[in-house]
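# Structural features, examined
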Amino acid sequence: MQRRQFIQNLLTTSGALLGASLITGCQSKTIDPLFLLDLINPKISLPDHLITPLSDFYVQNYALTSRVNLDTWKLTIGGEVETPVVLTFDDILKAPQESFYLTMECIGNPSGGNLIGNAKWAGTRLLPFLEKATLKSTAIEMAMKANDWYETTLPIEELTKPDVFLVHQMNDKPLTKEHGFPLRILIPGHFGQKQPKWLTELNAIATTKKGFWENQGWSNTAEIPTHALLRQVQTDRIWNQHNRVTLAKSGIAGWEDGVLVAGIALDRSRPITRVEVSTDGGNSWQIADQNQPSSPHEWTLWRYRWTPKDAGNYKLLARAISDGEIQDINKHDRMNGQSGVLKIDVMLD
Ligand SMILES: Nc1nc2c(c(=O)[nH]1)N[C@H]1C(S)=C(S)[C@@H](COP(=O)(O)O)O[C@H]1N2
Ligand SMILES: [Mo]
């Protein structure tokens, strides 16, 4: 496929994936970074980290992009705490800094979809600030508020995990306004809706409360399930509304020399132990080649070299296995982030 036509396909299919009530965002011009790698060449090993460039990273907002004035911005930790804490941006920078890799995915992302990206983030841990504020025993949930009035909640135990970060850098640059300048919170293991941008308030509350998307029926835990995302067959980036591939036998990308099947896999912070590919609709499975990312919060890259013997019609799909879970390929539970397994019809001429 020509690059231009490829972009066109993406633009025409990247509609409101999270829900009809979505006001803006989601119209990303993402080209799958996997597509740019010569994965078909078995001599090229899978990289440890595949970063989504900022220019290709999806943006998902329920309202307009917020513009924050750094001079007046502050983060308040209050509610059910002994001592409310108010932080300026300087306070954030003075705290110990760390960087790490984490994949952001929207709960509405379908298997071939572009509402996912991997970045290197930098910032500081939340826990020392929570300790300073001292949570009262009455605190059940943390209500997280942002400058655009976005709100979402999680149980207190999720916020006191050591890997919760206040981040101000993405891919070695200050957060852009689209991605939450000056500060967002990252709570590993959860879909994007639990990662507020333009963070202004952390309110410990003594009740349970639902946030913006959660009130519209999306999962309130929004935990990332073990899942594989099939992205590419030979040189075609797969899109969920375009899940049909026809390959000629010979010539460039001809199937007689083998067919590349590639993608990513993600889980709520447990390593992906195996990715399997089926070419017969799920009757039999073969193990794909995968990388071993050092961060459990980061996507796993995988590829499989399929060597079909005969022309015909095939049904391709992938599933992921982690320590705690084997992906159920028959599950379709959209509001919990299980958009269904992508089955690709492959015609070998
Ligand atoms: N303040 C604020 N934070 C937000 C949102 C929002 O609309 N407002 N959208 C959330 C959703 S649904 C997702 S998927 C992620 C996307 O992050 P990104 O735009 O940096 O890719 O941001 C989350 N954080
Ligand atoms: Mo999202």
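Note that the structure is predicted; figures quoted are calculated from it, not measured. (Residues numbered from 1 in each chain as written. Chains lettered and ligands numbered in written order. Predicted model: local features only at pLDDT ≥ 70, side-chain atom pairs only at ≥ 80, totals over all residues. Heavy atoms only, no water.)

## Examining the overall build of the protein chain
Threshold: In this text, helices come from DSSP runs of H or I with a minimum length of four residues, and strands from runs of E with a minimum of two, each type numbered from the N-terminal end. Throughout this description, buried means an accessible area under 20% of the type-specific maximum (1.4 Å probe, protein chains only), exposed means over 50%, and partly exposed covers the range between. Here the Shrake-Rupley method, with its probe set to 1.4 Å, supplies the accessible areas, and only the displayed protein chains count as covering residues.
The number of helices and strands found in the protein chain is four helices and 20 strands. Looking at the protein chain as a whole, 54% of its 349 residues qualify as buried. Element-wise, carbon and sulfur atoms account for 50% of the exposed surface of the protein chain, whose accessible area totals about 15,100 Å².

## Structural notes on the site of ligand 1
Rule in force here: A cutoff of 4 Å decides nearness: a residue is near a molecule or strand if any of its heavy atoms lies inside that distance of it. For this analysis, a polar contact is any N or O atom pair within 3.5 Å, provided that within protein one partner can donate a hydrogen and the other can accept it, and provided that sequence-adjacent residues contribute only side-chain to side-chain pairs. Three classes are used: nonpolar for Ala, Val, Leu, Ile, Met, Phe, Trp, Tyr, Cys and Pro, charged for Asp, Glu, Lys and Arg, and polar for all others, with Gly counted as polar.
Near ligand 1 lie 19 residues; those nearest to it are Tyr58, Asp148, His179, Arg184 and Lys197. Residue Tyr62 places a main-chain N or O atom 2.8 Å away from an oxygen atom belonging to ligand 1. Residue composition of the shell around ligand 1, by class: ten nonpolar, six polar and three charged.

## Focus: the sheet that holds strand β10 (residues 199-205)
Heads up, the rule is: Whether two strands pair depends on DSSP finding at least two bridges between them. Note on method: axes are straight lines fitted to C-alpha atoms, helices fitted across the in-contact stretch only, with angles between N-to-C directions ranging 0 to 180 degrees.
As summarised here, the arrangement of the five strands in space is β2-β1-β10-β5-β6, forming an open sheet in which the pairing is mixed. Edge strands, defined here as strands with exactly one partner in the open sheet, are β2 (85-87) and β6 (151-155). Averaged over all adjacent pairs, the angle separating strand axes in this sheet is 15 degrees, with direction ignored. Relative to β6, strand β5 (residues 141-146) runs antiparallel, the two sharing five bridges. Across the sheet, Ala143 pairs through a bridge with Thr153, a residue of β6.

## Let's talk about the pairing of strand β20 (residues 344-348)
Counting buried residues in β20 gives five out of five residues, a clear majority hidden from the surface. Burial along β20 is two-sided: the residues Ile344, Val346 and Leu348 and Asp345 and Met347 are all buried. In this sheet, β20 lies alongside strand β13 (residues 244-247) in parallel orientation, the contact comprising four bridges. Looking at the pairing, Thr246 lines up with Met347 of β20. In this structure, strand β19 (residues 312-322) lies alongside β20, joined through five bridges in antiparallel fashion. Bridged to Asn313 within β20 is Met347.

## Regarding the packing of aromatic side chains
This is how the line gets drawn: Pairs were defined over the aromatic rings of Phe, Tyr and Trp, the Trp ring being its six-membered one, requiring ring centres within 6.5 Å. Orientation was assigned from the angle between planes: stacked under 30 degrees, edge-to-face over 60, tilted for the rest. Consider the ring centre and the ring normal. A charge sits over the ring if Lys NZ or Arg CZ is within 6 Å of that centre and within 35 degrees of that normal.
Scanning all chains against the criterion turns up nine aromatic pairs. Ring plane angle 45 degrees and centroid distance 5.7 Å describe the contact between Tyr62 and Tyr150, whose orientation is recorded as tilted. Remark: Tyr150 occurs in the loop between β5 and β6 and Tyr62 occurs in the loop between α1 (3-13) and β1 (75-79); sequence separation between them is 88 residues. A relative accessible area of 13% places Tyr62 in the buried class. Taken together, the ring pairs in this structure connect Tyr62, Tyr150, Phe212 and Trp213 into an aromatic cluster. The ring of Trp285 has Arg319 lying over it, and the distance from NZ or CZ to the ring centre is 4.0 Å.

## A word on the nonpolar core
Applied cut-off: Here, the term nonpolar core denotes a set of buried Ala, Val, Leu, Ile, Met, Phe, Trp, Tyr and Cys residues that are joined through side-chain atoms within 4.5 Å. Boundaries of every domain are those given by an automatic assignment or by a domain database. By definition in these notes, contact holds between two residues if any of their heavy atoms fall within 4.5 Å.
Counting residues in hydrophobic clusters, the biggest one holds 47 residues, and the most contacted among them are Ile77, Leu126, Met144, Leu159, Leu166, Ile185 and Leu202. Elements with a minimum of two residues in this core: β1, β2, α2 (89-94), α3 (127-133), β5, α4 (156-159), β10 and β14 (259-266). If you count residues domain by domain, this core takes at least three from each of domain 1 (65-216) and domain 2 (223-348). When neighbours within four sequence positions are excluded, Ile185 is seen to be in contact with Leu126, Met144, Leu159, Val164, Phe165, Leu166, Gln195, Pro196, Leu199 and Leu202. With 24 residues, the next largest nonpolar core counts Leu230, Val259, Trp302 and Leu342 among its residues.

## Overview of the sheet that holds β13
Read from one edge of the open sheet, five strands run β13-β20-β19-β15-β16, paired in mixed fashion. Single-partner strands in this sheet number two, and they are β13 and β16 (286-287). Here six bridges tie strand β15 (residues 272-278) to β19, and the two strands are oriented antiparallel to one another. By the bridge assignment, Arg274 is partnered in β19 with Ile321.

## Details of the pattern of salt bridges
Our working definition: For this analysis, a salt bridge means a side-chain nitrogen from Lys or Arg found within 4 Å of a carboxyl oxygen belonging to Asp or Glu.
Per the counting criterion, the structure on display carries 16 salt bridges. One salt bridge in this structure joins Asp267 and Arg270, with 2.9 Å as the shortest N-O distance. Relative accessible area serves as the criterion here: at 3%, Asp267 is assigned to the buried category. Taking relative accessible area as the criterion, Arg270 reaches 23% and is therefore assigned partly exposed. Between Glu325 and Arg270 there is a salt bridge, with its nearest N and O atoms 2.8 Å apart. With Glu325 in the loop between β19 and β20 and Arg270 in the loop between β14 and β15, the pair connects residues that are 55 residues apart, well separated along the chain. Through salt bridges that share partners, Glu223, Asp267, Arg268, Arg270 and Glu325 make up one connected network.

## Quick word on the confidence of the model for the protein chain
The test is simple: Each residue carries a pLDDT score, the predictor's own confidence in it, on a scale running from 0 to 100.
Residues at a pLDDT of 70 or more form 88% of the protein chain, whose mean pLDDT is 88. Across residues 1-30 the pLDDT falls below 50, and counting only partners more than four positions away or on other chains, this stretch makes 68 contacts in the model.

## Considering the side chain of Asp345
One can find Asp345 in strand β20. Those residues in contact with Asp345 that lie beyond four places of it in its chain are Asn243, Arg244, Val245, Tyr314 and Lys315.

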